[in-house]
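Spelled out, the chains give:
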Amino acid sequence: MTVGLTRREALMTAGASALALALPGFAPSRGVASGTRVDVAGAGLSGLACALVLVQAGVDVRVWEARDRLGGRTLTDTSLVPGRWVECGGEFIDADHSAIRRLCSESGVTLQDLAAVDESGVARNLVGGRVREGGWADESSERLAQRAARDLQRLGEDRLNAMSAAEWLRGAIPGGTGSPFARYQRALTTGEYGADPSALTALWVVTDLADGAGANEMADSAERYRVNGGTRNLVAALEKRVGVERIVRGTRLTGLVREGSRPALLLTGSDGPRVERPDRAVITLSPGVLRTVNLSRSGFSTPTREVIRTYGMGTNAKVIIPFSSAAWGAHGWDAEGVSDTALGQTWNSALGEGAGSTAFTSLVGGIAGRTIAGPDHGPAPGSIVQARLALIDRVAPGTRAAARDGAVVHAWAKDPYARGSYSAARPGQADYATIAARPQGPFHFAGEHTSDEWSGFMEGAVQSGQRVAREVLARL
Ligand SMILES: Cc1cc2nc3c(=O)[nH]c(=O)nc-3n(C[C@H](O)[C@H](O)[C@H](O)COP(=O)(O)OP(=O)(O)OC[C@H]3O[C@@H](n4cnc5c(N)ncnc54)[C@H](O)[C@@H]3O)c2cc1C
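Every value quoted in this text rests on a predicted model; they were computed, and no experiment measured them.

Trainee: Tell me about the overall build of the protein, residues and numbers included.
Mentor: Of the regular secondary structure elements, the protein holds 14 helices and 21 strands. In terms of C-alpha radius of gyration, the protein reaches 22 Å, essentially the compact-globule figure of 23 Å for 476 residues. Counting only C-alpha atoms, the protein reaches 65 × 55 × 40 Å along its principal axes. Buried positions account for 56% of the 476 residues belonging to the protein. In the protein, the proportion of contacts linking residues at least 24 apart, taken out of those at least 6 apart, comes to 74%. Averaging the positions of the 52 positive and the 50 negative side-chain charges in the protein gives two centres separated by 5 Å.

This is the structure:
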């Protein structure tokens, strides 16, 4: 988000540029000299979206990926529940996430429309030790949204940027900070942004609340879609379109060196260290991961280094528990809810995928996500599963009887190639996405953290990849 623009204005500006990119026949203004080589570090959605545009423009592209799989912070599990897909990272797509929706459609990947899914039961929130039926779309939410709109005008963006979300909520929350609504709002904010409100700029929360979308009550368009069969289908389609021969797995970027006008990438793979010297390089690693890369000879500016050193990241973790059926439905609950307990935000992981076996997702952020027991990705320790099952039974007594063994945890803050879930600007960092997007000599930057308007989202990753491809083409 740009300080000086409201989030809505930023969105409109961004929408215009995304549209320009999407125009059929989009091509660089000048022809690309044959043999021009651009290397992309990271094969998440931003790296793949960028590589695709470059390949289509005739550039010689290499994509270097540290992991043995592509997709980065998107990860679909198809073995937890036979015949179902569950998302361990990025999952929902809003109706106005036009770049990723277009990319899916061009890639032959369909979307699952959750608005068409008929679920039995209603949302329930377990807050302050009590279960509350339905969402929280009541007077308190409306008053908070109105207060946010007023404060945006009254305090201005700079003051809100400097303030933490916790500080703002303390003064703005109807009913005082100890009220059930305050607990609900803190739990919702922590889950949505991935960071504790004390470590998050108030500007993000206030603008989202004032827009009436996202952070508080979901607008109809929010979280409307999922990728049919899982995000892995989009990743596989992009891999094919980019060209499997152009993507190298298991090769880690360890250093960036600026050699005059050219970049040098220091890489380490199974065959040892190597140096690649393309014409330009696109770096899509999140700031947390870039901190582990040797940048001493990169020639990066002080503001860019500062962003890499300090930009906040959410620490979301998902615990996904398989169930033999959506047993909560029989008890009047649709599995959706927000809780100030270990449950965090919850939903049916295989929503709309058919009757029978399914799974239950519990998403936590902030300190709870950072310190959750277990591996980065793998079997969930019994203690965290049992704690959740006990809480699920408080919301819908009897449900836990349908739980199966084999629950998994995905703690993205522990993942060495993610080091967090998605960017979450700390107080004073609301313009960091803009700074993170600035090219540094022959180095260009993409990734959700460089997206002004959709940072944190798959949409931001895709838009940033397409933006940076255009930026590179303009300079070749
Ligand atoms: C739990 C969770 C829930 C989420 N929910 C949603 C959601 O519902 N909707 C939504 O829109 N978004 C969601 N997101 C966010 C979304 O997944 C991300 O914004 C998006 O996938 C980021 O893509 P990216 O290309 O910017 O980064 P990444 O996917 O991180 O791509 C960077 C790539 O670089 C690779 N890499 C790392 N280090 C190196 C190295 N040294 N050398 C080479 N390669 C390296 C990584 O392995 C990765 O493949 C969620 C994320 C998480 C974790």
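Trainee: If you had to explain the domain arrangement of the protein to someone new, which residues and values would you point to?
Mentor: By domain assignment, the protein separates into domain 1 (7–68 + 249–311 + 432–475), domain 2 (77–96 + 111–124 + 221–228 + 314–414) and domain 3 (141–211). Look at where the C-alpha atoms of domain 1 and domain 2 centre, and you get two points 33 Å apart.

Trainee: Before we move on, could you go through the pairing of strand E7 (residues 130–133) and cite the residues and values that matter?
Mentor: Note: strand E6 (residues 124–127) against E7, four bridges, orientation antiparallel. Each residue of the ladder has a partner; that of Asn 125, found in E7, is Arg 132.

Trainee: Residues and numbers for the sheet that holds strand E14 (residues 294–297), please.
Mentor: Taking strand neighbours across the sheet as the criterion, the four strands line up as E12-E11-E10-E14 in an open arrangement whose pairing is mixed. The open sheet has two free edges, formed respectively by strand E12 (272–276) and E14, since each of these has just one partner strand. Adjacent strand axes in the sheet meet at a mean angle of 20° when their direction is disregarded.

Trainee: Requested: an account of the confidence of the model for the protein, with residues and values cited.
Mentor: In the predicted model, the protein carries a mean pLDDT of 91, and the fraction of residues at 70 or more is 91%. Within the model, pLDDT remains below 50 along residues 1–30, and this stretch shows 53 contacts once partners closer than five positions in the same chain are excluded. Below a pLDDT of 50 lies the segment residues 213–218, which in the model reaches 18 contacts outside its immediate sequence neighbourhood of four places, other chains included.

Trainee: How would you explain empty space enclosed by the protein if you had to name every residue and give the values?
Mentor: One pass over the structure, following the stated rule, counts two cavities of 30 Å³ or more. Here the largest cavity defines a volume of roughly 60 Å³. The element best represented in the lining of the largest cavity is helix H10 (residues 302–310), accounting for three residues. Looking at side-chain class alone, the lining of the largest cavity contains six nonpolar, two polar and no charged residues. Here the second largest cavity is characterised by a volume of approximately 30 Å³. Surrounding the second largest cavity, Arg 124, Leu 126, Trp 333, Gly 337, Val 338, Ser 339, Leu 343, Thr 346 and Val 395 form its lining.

Trainee: Tell me about the sheet that holds strand E1 (residues 37–41), residues and numbers included.
Mentor: Hydrogen bonds between backbone atoms are what pair the strands of a sheet, whose relative direction is either parallel or antiparallel. As summarised here, the arrangement of the five strands in space is E9-E2-E1-E13-E21, forming an open sheet in which the pairing is parallel. The sheet is open, and its two borders are formed by strand E9 (247–248) and strand E21 (443–445), each paired with just one other strand. Two strands pair when backbone bridges link them, and strand E13 (residues 280–283) and E21 are joined in this way by three bridges, in the parallel orientation. Across the sheet, residue Ile 283 finds its bridge partner in E21, namely Phe 445.

The rules behind these values
Residues numbered from 1 in each chain as written. Predicted model: local features only at pLDDT ≥ 70, side-chain atom pairs only at ≥ 80, totals over all residues. Heavy atoms only, no water. Helix = DSSP H or I, 4+ residues; strand = E, 2+ residues; numbered from the N terminus. Rg over C-alpha atoms; globule rule 2.2 N^0.38 Å. Buried < 20%, exposed > 50% of the residue type's maximum accessible area, 1.4 Å probe, protein only. Contact = heavy atoms within 4.5 Å. Lys, Arg positive; Asp, Glu negative; His and termini not counted. Charge placed at Lys NZ, Arg CZ, Asp CG, Glu CD. Domains from an automatic or database assignment. Pairing = 2+ DSSP bridges. Axes fitted to C-alpha atoms, helices over the stretch in contact; angles between N-to-C directions. pLDDT = per-residue confidence, 0-100. 1 Å grid on protein atoms, 1.4 Å probe; cavity = no way out; pocket = protein on both sides within 12 Å on 5 of 7 lines; lining within 4 Å. Points joined across faces, edges and corners; volume = space filled by probe spheres on them. Nonpolar A, V, L, I, M, F, W, Y, C, P; charged D, E, K, R; others polar.

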